[in-house]
Amino acid sequence: MTPTVRDPDYAARVRRSFAAQAFMTTIGARLERIDPGEVVIALPFRRDLVQQHGFLHAGVVAAVADSACGYAALTLMESEAAVLSVEFKVNLLAPARGDRFEAAARVIKSGRTLMICTAEVRAAQAGGPGILVAAMQGTMMAVRDRGALRD
């Protein structure tokens, strides 16, 4: 089923919002792909983002997956709506070890106010296939009529 796009300028809006998100900039994440109901965010490995065993910290993994889910939802919202996470669950499936990480999210149920999204985070070593390190299911909310919240 093809998702319903409510804002023809969704990709530019996602890019603007992502650029304004200081945390994603701080950790070095970048948008790789934006399609209706789907977003991919990439993150290169950085030594300053690891936990005590040298794996990418679970909080960083969750943050990238959460942002990917939020922006996947935003692609299907009206131009005047902002997006906020309502809840999410993360399953950490393998140590997050790799040269590059990719969070691919998609909307699985699009409502007027709430959208249910899933994300998979994969870790890749140079020249090798990516392995699934985390899976997220999240609920994103369209926020309207709150002047301080945009995109």
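Refer to the structure printed above.
These numbers come from a predicted model, not from an experiment.

Student: What exactly am I supposed to notice about the sheet that holds strand β5 (residues 114-124) here?
Tutor: Two modes of strand pairing occur in sheets, parallel and antiparallel, and in both the strands are linked by backbone hydrogen bonds. Spatially, the six strands line up as an open sheet ordered β1-β2-β4-β5-β6-β3, and their pairing is antiparallel. If you trace the sheet from one side to the other, it starts and ends with β1 (30-35) and β3 (82-92), each paired once. Strand-to-strand, the axes of this sheet are offset by a mean angle of 20°, without reference to chain direction. Here strand β4 (residues 100-110) runs beside β5; their pairing, made up of 10 bridges, is antiparallel. By the bridge assignment, Arg 100 is partnered in β5 with Ala 124.

Student: I would appreciate a short explanation of the pattern of salt bridges in the present structure.
Tutor: Where charged atoms from two side chains of opposite charge come close, those side chains can pair. Taken as a whole and judged by the stated rule, the model has 10 salt bridges. Linking Arg 33 and Asp 35 is a salt bridge whose minimum nitrogen-to-oxygen distance equals 2.7 Å. Using a relative accessible area of 35% as the deciding quantity, one classes Arg 33 as partly exposed. Salt bridges here are not isolated pairs; linked through shared partners, they connect Arg 30, Glu 32, Arg 100 and Glu 102.

Student: Would you mind going over the pairing of β1 with me for this structure?
Tutor: A regular strand places its side chains so that they alternate between the two faces of the sheet. Pairing analysis gives five bridges linking β1 to strand β2 (residues 38-44), with the strands arranged antiparallel. Across the sheet, Ile 34 pairs through a bridge with Val 39, a residue of β2. Counted between consecutive antiparallel strands, the loop separating β1 from β2 contains two residues, among which Gly 37 sits at a positive phi close to 80°.

Student: Sorry, what's going on with the packing of aromatic side chains here?
Tutor: A ring pair, where both rings are aromatic, is described by two values, the distance of the centres and the angle of the planes. Scanning all chains against the criterion turns up one aromatic pair. Between Phe 18 and Tyr 71, the aromatic rings sit 5.8 Å apart at their centres with planes inclined by 65°, giving edge-to-face as the arrangement. Residue Phe 18 is found in helix α1 (residues 10-20), and its partner Tyr 71 is found in helix α3 (residues 58-74); the two are separated by 53 residues along the sequence.

Student: What exactly am I supposed to notice about the nonpolar core here?
Tutor: Taken as a class, soluble globular proteins show a tendency for nonpolar side chains to be buried jointly. With 43 residues, the main nonpolar core has Ile 27, Leu 43, Leu 56, Val 64, Ala 73 and Met 77 as its most contacted residues. Sorting the residues of this core by element identifies α1, α2 (22-27), β2, α3, β4, β5 and β6 (131-143) as the ones contributing at least two each. Filtering out sequence-adjacent residues up to four positions away, Val 64 remains in contact with Met 24, Ile 27, Ile 41, Leu 43 and Ala 103.

Student: What is the right way to look at the state of the cysteines in this model?
Tutor: Simply put, disulfide is the name for a covalent bond between the sulfur atoms of two cysteines. Taken as a whole, this structure holds zero disulfides when the rule is applied. The closest cysteine sulfur to the non-disulfide-bonded Cys 69 is located on Cys 117, 4.9 Å from its own sulfur. Looking at Cys 69, the relative accessible area reads 0%, which means it is buried.

Basis of the calculations
- Residues numbered from 1 in each chain as written.
- Predicted model: local features only at pLDDT ≥ 70, side-chain atom pairs only at ≥ 80, totals over all residues.
- Heavy atoms only, no water.
- Pairing = 2+ DSSP bridges.
- Helix = DSSP H or I, 4+ residues; strand = E, 2+ residues; numbered from the N terminus.
- Axes fitted to C-alpha atoms, helices over the stretch in contact; angles between N-to-C directions.
- Salt bridge = Lys/Arg side-chain N within 4 Å of Asp/Glu carboxyl O.
- Buried < 20%, exposed > 50% of the residue type's maximum accessible area, 1.4 Å probe, protein only.
- Phe/Tyr/Trp six-rings, centres within 6.5 Å; stacked < 30°, edge-to-face > 60°.
- Core = buried A, V, L, I, M, F, W, Y, C linked by side-chain atoms within 4.5 Å.
- Contact = heavy atoms within 4.5 Å.
- Disulfide = S-S within 2.5 Å.

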